[in-house]
Amino acid sequence: MVRKLRILVITYLPWRNDVSVGNSYSNIFKGMEDRIEFAHIYFRDDAPDNALVHRYFHISEKGLARSIWNRQYVGREFCLENSQGGRKREFSSRYNRLRKLRWELFLLGRDMIGRMGKWKSNGLDAFVLDFKPDLIFGTLGYVPVVNQMMIYLKTKFDIPLVTYPWDDYYSWKRISFSPFYWIRYLSERRLIRRCAQASEYLYTITEKMRNEYEVFFQKECRILYKGYLFDEENKPEIHASVNEPIHLIFMGNIGNGRWKVLAKIAQAITRINIESPKAFFMDVYTLSPVDDKISGLLNIDGVSKLNKPVPNEQVLATQRSADILIHVEPTNRADKSFFRLSFSTKLVDYFYCGRCIMAFGGNTASMDYLKSKDAAIVEENMEGIENTLRRVAESPAVIGQYAEKAWKCGRDNHDIKKIQERLYNDFIEVANLK
């Protein structure tokens, strides 16, 4: 095939390198620009920030809300020669409080706005017709308007659809006592099923998810991970010695109760440091909204510090400055059930850093993966955090051993060249362009 494969990507959030989904998409597709051309449709009122996409169609959430009353269609096409450096929107403290609380009524309102808003416009159709996509690729998730749009465009223009779910959005293995939660979930679940069945096949993020989703939807599922060039040229130096204190770094979302696990780690370090001054120090970098309680638990002099995230181009260097990279999973029943099939994409970044990984929290697919590959020191019992840290402090050679194991796991399972070759062949086949 001479021309590039044209892929229309549809997500709720804009494609940003500092957001989990956008970061993963940039990782998966970077280096394929000579074979693939992208266009992107998104909803959240924010700016894109990536090096791969130039053509966009944005359907504003605020505009969707207004359109329910003014009946004016929402959506605008725009082009960016350079999509990098788009400034991330700063949300109000009130909005951040709602994000933190995740009020079910708030989320139900968001879903209803998407359903009732006027987004099926001539402008949207013209954007799709002009781009002429060979394939629609989208995140299959809990935001109904995204699933509606993928079904609408696939059906109206007869374009093959491939979807990529990240979490357990469909099973009944969840806990909530809110009637608004169940109204929202039942509504979302129907659209997830319709969208999955409209897909040619699904990519899933773990083996557990693939097994369950193939039964749920009677559709083929294929696993798709992030990856890197795990060759000797890119392999970092594995330090024979460690810092004093041993430097722990956590990067990522501290919501869904993860901050509670980090707080327990900080408490354990506090006790250890009393007996062995300067044994450990932990830095936490996060975009998540925090309140005074969280700040107080994670800002402890000589023990831990809560930091704003570093710029994307500094993430790798910052992670490699650590002796140990921390991964946490939620421990409460509701969040643990939701994330039970998920795989933290940040773990692939950690593998590439060639640093020891310590994982704490509930039993999820991520924890199962780390245990099965022996790629991290794993502790699922919250009462065992302190003893696990003490064992590491007493035998620091284990830090270098698990740094090697993390790199080996990445090399054996997350080689980006193999991932991209398989992905491209999949897309060419489903688009009937062989």
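Read on for a plain summary of the structure. All values derive from a computational prediction rather than experimental measurement.

What follows deals with the pattern of salt bridges. Pairs can form between side chains of opposite charge once their charged atoms are near each other. Across all of its chains, the model carries 30 salt bridges by this definition. The partner of Asp 18 in a salt bridge is Arg 16, and the shortest N-O contact between them spans 2.9 Å. Judged by its relative accessible area of 31%, Asp 18 is partly exposed. Residue Glu 386 is joined to Arg 271 by a salt bridge in which the shortest nitrogen-to-oxygen separation is 2.6 Å. You can see Glu 386 sitting in helix 15 (residues 385-394) and its partner Arg 271 sitting in helix 9 (residues 258-275), a full 115 residues away along the chain. Accessibility expressed as a relative area gives 18% for Glu 386, which makes it buried. Linked by salt bridges that have partners in common, Arg 110, Asp 111, Arg 184 and Glu 188 make up one network.

This part covers helix 2 (residues 61-70). For helix 2, the full list of buried residues reads Glu 61, Gly 63, Leu 64, Ser 67 and Ile 68. Buried residues in helix 2, looked at end-on, bunch into an arc of 150°, giving them a common side. Helix 2 presents Arg 66 and Trp 69 as exposed residues on the side facing more than 90 degrees away from its buried surface. Against the buried residues of helix 2 lie helix 4 (104-116). Structurally, the start of helix 2 carries an N-cap: the backbone nitrogen of Lys 62 is 3.2 Å from a side-chain oxygen of Ser 60. After helix 2 finishes, the residue Arg 71 shows a positive phi value of roughly 60°.

Residue Pro 245 is reached from Glu 244 by a cis peptide bond, and omega for that bond is 5°. Looking at the secondary structure, you find Pro 245 in the loop between strand 8 (221-223) and strand 9 (246-251). At Asn 256, a residue that is not glycine, the phi angle is positive and equals roughly 55°. Taking the relative accessible area as the measure of exposure, Asn 256 reaches 27% and is therefore partly exposed.

What follows deals with the nonpolar core. The biggest cluster of nonpolar side chains holds 135 residues, and the ones touching the most others in it are Phe 29, Leu 153, Leu 389 and Phe 427. In this structure, Leu 153 is in contact with Leu 8, Ile 10, Ile 41, Leu 124, Val 128, Ile 136, Asp 158 and Ile 159, ignoring residues within four places of it in sequence.

The strands making up a sheet associate through backbone hydrogen bonding, with each pair oriented either parallel or antiparallel. With mixed pairing, the eight strands of this open sheet are ordered in space as 4-3-2-1-5-6-7-8. Both outer strands of the open sheet, strand 4 (76-79) and strand 8, are each paired with one neighbouring strand and no more. With direction set aside, neighbouring strand axes in the sheet form an average angle of 25°. Note: strand 6 (residues 161-163) against strand 7 (residues 201-204), two bridges, orientation parallel. Residue pairing across strands places Thr 163 opposite Leu 202, the latter belonging to strand 7. Sheet contacts for helix 17 (residues 416-430): strand 1 (5-10), strand 2 (36-42), strand 5 (135-138), strand 6, strand 7 and strand 8; angle to strand 7, the most-contacted strand, approximately 165°.

Bringing the sheet that holds strand 13 (residues 356-361) into the picture now. What the six strands build is an open sheet, ordered 11-10-9-12-13-14; its pairing is parallel. Taken across any chain shown, the strands that pair with only one partner, and hence form the sheet edges, are strand 11 (304-307) and strand 14 (377-379). Averaged over all pairs of adjacent strands, the angle between their axes in this sheet comes to 20°, without regard to strand direction. Here strand 9 runs beside strand 10 (residues 280-285); their pairing, made up of six bridges, is parallel. Counterpart to His 247 in the pairing with strand 10 is Phe 281. The sheet strands contacting helix 9 are strand 9, strand 10, strand 11, strand 12 (324-329) and strand 13, and the helix crosses strand 10 at an angle near 160°.

Take the packing of aromatic side chains next. Applying the stated rule across the entire model yields 43 aromatic pairs. A ring pair is formed by Phe 29 and Phe 137, whose centres lie 5.8 Å apart and whose planes are at 90°; its orientation type is edge-to-face. Of this pair, Phe 29 sits in helix 1 (residues 20-29) while Phe 137 sits in strand 5, and the two are 108 residues apart along the sequence. Overall, Phe 29 belongs to the buried group, its relative accessible area being 0%. Overall, Phe 137 belongs to the buried group, its relative accessible area being 0%. Between Tyr 228 and Tyr 352, the ring centres sit 4.3 Å apart and the planes meet at 10°, which makes this aromatic pair stacked. With Tyr 228 in the loop between strand 8 and strand 9 and Tyr 352 in helix 13 (residues 346-353), this residue pair connects regions lying 124 residues apart in the sequence. Of the residues examined, Tyr 228 reaches a relative accessible area of 22% and is grouped as partly exposed. For Tyr 352, a relative accessible area of 12% translates into the label buried.

Calculation notes
Residues numbered from 1 in each chain as written. Predicted model: local features only at pLDDT ≥ 70, side-chain atom pairs only at ≥ 80, totals over all residues. Heavy atoms only, no water. Salt bridge = Lys/Arg side-chain N within 4 Å of Asp/Glu carboxyl O. Buried < 20%, exposed > 50% of the residue type's maximum accessible area, 1.4 Å probe, protein only. Helix = DSSP H or I, 4+ residues; strand = E, 2+ residues; numbered from the N terminus. Arc of directions from axis to C-beta. Contact = heavy atoms within 4.5 Å. Polar contact = N/O pair within 3.5 Å; in protein donor to acceptor, adjacent residues only side chain to side chain. Core = buried A, V, L, I, M, F, W, Y, C linked by side-chain atoms within 4.5 Å. Pairing = 2+ DSSP bridges. Axes fitted to C-alpha atoms, helices over the stretch in contact; angles between N-to-C directions. Phe/Tyr/Trp six-rings, centres within 6.5 Å; stacked < 30°, edge-to-face > 60°.

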